[in-house]
Amino acid sequence: MTDNTQYWLMKDGVRLGPMTFAELVRNVATPSAPVWREGLPDWCAAETVPELAGLFRMAPPQQQPQYQQPQQPYQQPLYQQPAATPRPVFAATPTPGPQQPEAPMPNTYLVWSIVTLVLCCVPTGIVAIIYSSKVSSRWTAGDYEGARSASDNAALWIIISIVCGLIAVPFQIFMAML
């Protein structure tokens, strides 16, 4: 493999990576540790990866464990293994590629959205709350641009709510005098 090959390792149920070959060697504790890199069809035990096989030559042969993620009710298995060739199976395979630096989460403006809903204008306040609630879920999913866009839209609808409330107040005062 090349020097810039990226590896992923499953350790204690947590997927670690991407990491270099040297980092992988430091983190692999057992020959049966699930490992994945580009070019492998699926997760496999570390001892079956050609560049790692030399690390475990002295170890006695072990039966390769079968890793499966618990199935949710009404969910079809993603991959059915043939009985003759046991291999570890995981539902999600990491997508290698350029790693995006994690951006700080944009402001959700949720409190301001609720305040404008209560004090200014209900219909536009609802729209502001909807956009505010999308910010954290999109950021958590890794859609940084979508989170920023939702934050900007929430701020816009808060401004619209305040303007609508300021326009409506004189009319409400006038109607109350009649």
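Residues numbered from 1 in each chain as written. Predicted model: local features only at pLDDT ≥ 70, side-chain atom pairs only at ≥ 80, totals over all residues. Heavy atoms only, no water.

Trainee: I'd like to hear about the pairing of strand β1 (residues 7–11), residue by residue, with values.
Mentor: With four of five residues buried, β1 is to be regarded as a mostly interior element. As defined by bridge partners, β1 adjoins strand β2 (residues 14–19) across four bridges and the pair is classed as antiparallel. Across the sheet, the residue bridging to L9 is L16, located in β2. Here β1 folds back onto β2, and the loop between the two strands holds two residues, one of which, D12, carries a positive phi near 55 degrees. (Buried < 20%, exposed > 50% of the residue type's maximum accessible area, 1.4 Å probe, protein only. Helix = DSSP H or I, 4+ residues; strand = E, 2+ residues; numbered from the N terminus. Pairing = 2+ DSSP bridges.)

Trainee: Residues and numbers for the pattern of salt bridges, please.
Mentor: Going through the model one piece at a time under the given rule, you end up with three salt bridges. Ionic pairing is found between R148 and D152, a salt bridge with its closest N-O pair at 2.5 Å. Of the two residues, R148 and D152 both sit in helix α5 (residues 144–177), four residues apart, roughly one turn of that helix. Note on R148: relative accessible area 39%, which makes it partly exposed. A relative accessible area of 39% means that D152 is categorised as partly exposed. A single salt-bridge network, built from bridges that share partners, covers E145, R148 and D152. (Salt bridge = Lys/Arg side-chain N within 4 Å of Asp/Glu carboxyl O.)

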